[in-house]
Amino acid sequence: MASLELEGKIKMKLAPQSGQSARGQWVRQDFVVEYPDGNFTSEACFSAWGQERVDELGKFGVGASVKVSFNVKAREYSGRWYNDLRVWRISAVQASAPQASAPQAAPVTAGNAAPPPSFSDMPVDLGEDLPF
């Protein structure tokens, strides 16, 4: 299964949950990460399963910038399907060092600009290669 990663800020941490199952004691904590999605922001709710992951999540407070590595799991219950984003690593996002400014291109002026294309520059046979 492919692993996925997402970078964002912790928006909310829900209370840890614990219980007993046929396989023994379990603990889990859900948290919400807000991340950039084009011109907007989106949110995703992740589950940190196991004491090790819950302790790892405890190192980060609300507002912390994190990188979340996770797998997508799905399960069926009473005829309905539920998706689960299960975290296997949470790490701090390193602040990127300021980059040296790239050399700027010379401004285009009338003296060094290429002439605009003309009809004679177009191919003769355009054909009917429409993709639909």
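Only a predicted model underlies this, so the values are computations on that prediction, with no experimental measurement involved.

Okay, the nonpolar core next. Phe31, Val33, Phe46, Val66, Val68 and Ile90 are the most contacted members of the largest nonpolar core, which totals 14 residues. At the level of elements, β1 (4-13), β3 (24-37), β4 (40-49), β5 (65-77) and β6 (80-92) are the ones that each hand at least two residues to this core. In this structure, Val66 is in contact with Leu6, Glu7, Gly8, Ile10, Val33, Phe60, Ile90, Ser91 and Val93, ignoring residues within four places of it in sequence.

All right, on to the layout of surface pockets then. What the largest pocket holds in volume is close to 160 Å³. In terms of lining residues, the largest pocket is bounded by Ser21, Arg23, Gly24, Gln25, Trp26 and Trp49. In terms of residue count, β3 provides more of the lining of the largest pocket than any other element does, 3 residues in total.

As a further point, take the packing of aromatic side chains. Here a ring pair, both rings aromatic, is described through the centre-centre distance and the interplanar angle of the planes. Taken as a whole, this structure holds 3 aromatic pairs when the rule is applied. With 4.9 Å between their ring centres and 70° between their planes, Phe46 and Phe70 make a pair best called edge-to-face. Separated by 24 residues along the polypeptide, Phe46 in strand β4 and Phe70 in strand β5 bring together distant segments of the chain. An identical accessibility class is assigned to Phe46 and Phe70; each is buried. Among the aromatic residues, those joined into a ring-pair cluster are Phe31, Phe46 and Phe70.

Moving on, we come to the pairing of β5. Sheet analysis places β1 next to β5, joined by 6 bridges and oriented antiparallel. Within β5, the residue paired with Leu4 across the bridge is Phe70. What sits between the antiparallel neighbours β5 and β6 is a turn of 2 residues, in which Ser78 has the positive phi angle 55°.

Scoring rules and cut-offs
Residues numbered from 1 in each chain as written. Predicted model: local features only at pLDDT ≥ 70, side-chain atom pairs only at ≥ 80, totals over all residues. Heavy atoms only, no water. Core = buried A, V, L, I, M, F, W, Y, C linked by side-chain atoms within 4.5 Å. Buried < 20%, exposed > 50% of the residue type's maximum accessible area, 1.4 Å probe, protein only. Helix = DSSP H or I, 4+ residues; strand = E, 2+ residues; numbered from the N terminus. Contact = heavy atoms within 4.5 Å. 1 Å grid on protein atoms, 1.4 Å probe; cavity = no way out; pocket = protein on both sides within 12 Å on 5 of 7 lines; lining within 4 Å. Points joined across faces, edges and corners; volume = space filled by probe spheres on them. Phe/Tyr/Trp six-rings, centres within 6.5 Å; stacked < 30°, edge-to-face > 60°. Pairing = 2+ DSSP bridges.

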